[in-house]
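Listed below are the residues making up each chain.
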Amino acid sequence: MTGMKTPRGFFKPLAIGAPTPYRELPARVERMIHFVPPHLDKVRAKVPEIAPTVDVILANLEDAIPADAKGAALAGLVALSREVDFKALGVGFWTRINCLNSPWHLDEVATIVEKAGDKIDVIMVPKVEGPWDIFYMDQLLASLEAKHGVTRPILLHAILETAEGVMNVEAIAAASPRMQGISLGPADLAASRAMKTTRVGGGHPGYRVIEDPHADGSARVSVQQDLWHYTFAKMVDACAAHGIKPFYGPFGAIDDPVACEQQFRNAFLMGCAGAWSLHPSQIEIAKRVFSPDPAEVAFAKKILEAMPDGTGVAMIDGKMQDDATWKQAKVMVDCAKQIAAKDAEYAGLYGL
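Bear in mind that the values here come from a model prediction, so they are computed numbers and not experimental data. (Residues numbered from 1 in each chain as written. Predicted model: local features only at pLDDT ≥ 70, side-chain atom pairs only at ≥ 80, totals over all residues. Heavy atoms only, no water.)

The next subject is the side chain of serine 81. Position of serine 81 among the secondary structure elements: in helix 4 (residues 70–83). By relative accessible area, which is 1% here, serine 81 ends up buried. In contact with serine 81, not counting residues within four places along its chain, are Phe93, Lys115, Ala116 and Lys119. (Helix = DSSP H or I, 4+ residues; strand = E, 2+ residues; numbered from the N terminus. Buried < 20%, exposed > 50% of the residue type's maximum accessible area, 1.4 Å probe, protein only. Contact = heavy atoms within 4.5 Å.)

Here it is, written out as C-alpha cells:
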C-alpha cells in the first residue's frame, strides 16, 4: 500500500539512540485504567493506597483539569513518578496528555519524557483523527527518548472521539509499533457527530427497537438499545486485526453501578481488555467483569487438555469442540494466566 512503511522499516527506531520498538506488546493485565487528577494534593496522596488495587494508574492532564491547573497537574505527574514505585507494585503508569493542537501539548510531552520517561508506560492521546497524529507522536517521542536516554519505548493509546477518527480507525491501529490500544471516547464523539445525547457511554432511553403492532392493540414491547454498538464493534475489529487492545472508555453515570457493570460486560464479551474507572466505585466492577468467570476458565482448560495440539474434535460435557473453540479456549486461559500472575485471589479461583 502506498504511503505505508515497509515491513522491515516499521520496527526501526525513528531517532538515533532511541529504543528499538517492541515487536510484541508487553504482557500486561489492564482491566481498569484508573484516572487520577494529579494537580490535587489530597488525591495524589492516596495513590500509594489505591495503586495496589488497580491495574493502571493514569495521571490525567486533559479534560477535567482546569486551564489554570495544567502546570500543577504536570508537576503532580512528575511527583507521582518519583514517589510511587509502580513497577514494583505491578501497576501500569499512564498519562492522558492534552490534544495535539492545545497550547500545553508540546511542553508537557517534552517534560514527561525528560522527567518521567523511564516510568511512563503509555501516553494516551485524545482526539486522534488519523494515522498522521500517531506518526507525529511516534517521531516526537523517539527524538525525546534519544535525547534523554530513555531505554524502553513509551507506548501510545489513541482515544476514538471524533467522526474522522472513527472513519480512520483501521489506519490509526496500524500506524506505529508504539500503538498499545484504543479507547472509545463517547462524550466528544457525540459532540463531533451532533448526536442528541448528553450521556457519557451506555444506552439511551430514546434509542430503541419496538415489536410489531398486536392485532388486539395491546402494548408493544420496546427495548432500549446501545448508541455506541457500531462504533465499538468497528474499533474492536481494528484493534484485533492489528494486535493491539480495545478498551471501553468511560461510563459517566457514577450513580448507576448496575448499568456500568452491564456496559463493561458487553465490552468484555466483545473482546475488550478493560475500561476506564473514573471513580473508585468502578474499580471493583471492572475487576470483576474483565476477569473471566472461573467456571468458564475451568471449561476452557478442559478443552485445551482434551485437544493439546488444537486439532481434531472432542465432546466435552455434551458439547462438541473443534479447532475454533480451542482457539477461543486458549484466549480465555491465556487471559486467566495473566490475571493469576498479578492477582493471588484469582490465581486461587482459576487453579493456576
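For the rest of this paragraph, the subject is helix 10 (residues 186–193). By the burial criterion, the buried members of helix 10 are Pro186, Leu189 and Ala190. Taken around the axis of helix 10, the buried residues stretch over an arc of 105°, which confines them to a single face. If you follow the buried residues of helix 10, they end up packed against strand 5 (155–160), helix 8 (163–167), strand 6 (179–184) and helix 11 (229–241). (Arc of directions from axis to C-beta.)

Taken as a whole, the largest pocket encloses approximately 1100 Å³ of empty space. Lining of the largest pocket is provided by 37 residues; of these, Gly271, Cys272, Val331, Met332 and Cys335 occupy positions nearest its centre. Counting residues per element, the ones that place at least two in the lining of the largest pocket are helix 11, strand 9 (245–247), helix 12 (257–270), helix 14 (294–306) and helix 15 (323–342). Here the lining of the largest pocket gets 9 residues from one element, more than from any other, and that element is helix 15. (1 Å grid on protein atoms, 1.4 Å probe; cavity = no way out; pocket = protein on both sides within 12 Å on 5 of 7 lines; lining within 4 Å. Points joined across faces, edges and corners; volume = space filled by probe spheres on them.)

The tally for this structure, following the rule as stated, stands at 9 aromatic pairs. Above the ring of tyrosine 346, the side-chain terminus of arginine 31 is found at 5.7 Å from the ring centroid. (Phe/Tyr/Trp six-rings, centres within 6.5 Å; stacked < 30°, edge-to-face > 60°. Lys NZ or Arg CZ within 6 Å of the ring centre and 35° of its normal.)

Here the focus is a nonpolar patch on the surface. Taken together, the side chains of Val209, Val221 and Val223 make up a nonpolar region of the molecular surface, amounting to roughly 250 Å² of accessible area. For valine 209, a relative accessible area of 47% gives the class partly exposed. (Patch = residues over 30% accessible without salt bridge, like charges linked within 9 Å, V, L, I, M, F, W, Y side chains within 5 Å. Areas by Shrake-Rupley, 256 points an atom, 1.4 Å probe, with all protein chains shown as cover. Salt bridge = Lys/Arg side-chain N within 4 Å of Asp/Glu carboxyl O.)

Let's shift gears to the state of the cysteines. Inspection of every chain in the model, using the stated rule, returns 0 disulfides. You can see cysteine 260 has no disulfide; the closest cysteine sulfur is in cysteine 272, sitting 13 Å from it. (Disulfide = S-S within 2.5 Å.)

Taken from the UniProt record, the annotation "domain: HpcH/HpaI aldolase/citrate lyase" (unreviewed entry) applies to residues 53–269. Strand forms 19% of residues 53–269 and helix 42%; the C-alpha atoms that close the span are 23 Å apart. (UniProt positions renumbered as here; feature names shortened; annotations may be inferred.)

Take the sheet that holds strand 2 (residues 56–60) next. Spatially, 9-6-5-4-3-2-1-10 is the arrangement adopted by the 8 strands of the open sheet, whose pairing is parallel. Bordering the open sheet on either side are strand 9 and strand 10 (275–277), each of which pairs with just one other strand. Recorded for the sheet is a direction-independent mean angle of 25° between the axes of neighbouring strands. Here strand 5 runs beside strand 6; their pairing, made up of 5 bridges, is parallel. Within strand 6, the position partnered with leucine 156 by the bridge is methionine 179. Helix 13 (residues 281–289) contacts strand 1 (32–36) and strand 10 of the sheet and is inclined by roughly 165° relative to strand 1. (Pairing = 2+ DSSP bridges. Axes fitted to C-alpha atoms, helices over the stretch in contact; angles between N-to-C directions.)

The geometry of helix 6 (residues 105–116) relative to helix 7 (residues 131–148) is characterised by a closest axis approach of 9 Å and an angle of 40° between their N-to-C directions. Classified by the angle between their axes, helix 6 and helix 7 sit oblique to one another. Classified by chirality, the crossing of helix 7 by helix 6 is right-handed. Residue-level contacts link His105, Leu106, Val109, Ala110, Val113 and Glu114 of helix 6 to Tyr136, Met137, Leu140, Leu141, Leu144, Glu145 and His148 of helix 7. Across the contact of helix 6 with helix 7, the residue classes break down as 9 nonpolar, 2 polar and 2 charged. (Parallel < 35°, antiparallel > 145°, perpendicular 65-115°, else oblique. Left-handed = near helix turned anticlockwise from the far one by under 90°. Nonpolar A, V, L, I, M, F, W, Y, C, P; charged D, E, K, R; others polar.)

With respect to burial, strand 6 is a largely interior element, 6 of its 6 residues being buried. Relative to strand 9, strand 6 is paired through 3 bridges, and the arrangement is parallel. In the strand pairing of strand 9, isoleucine 182 is matched with proline 246.

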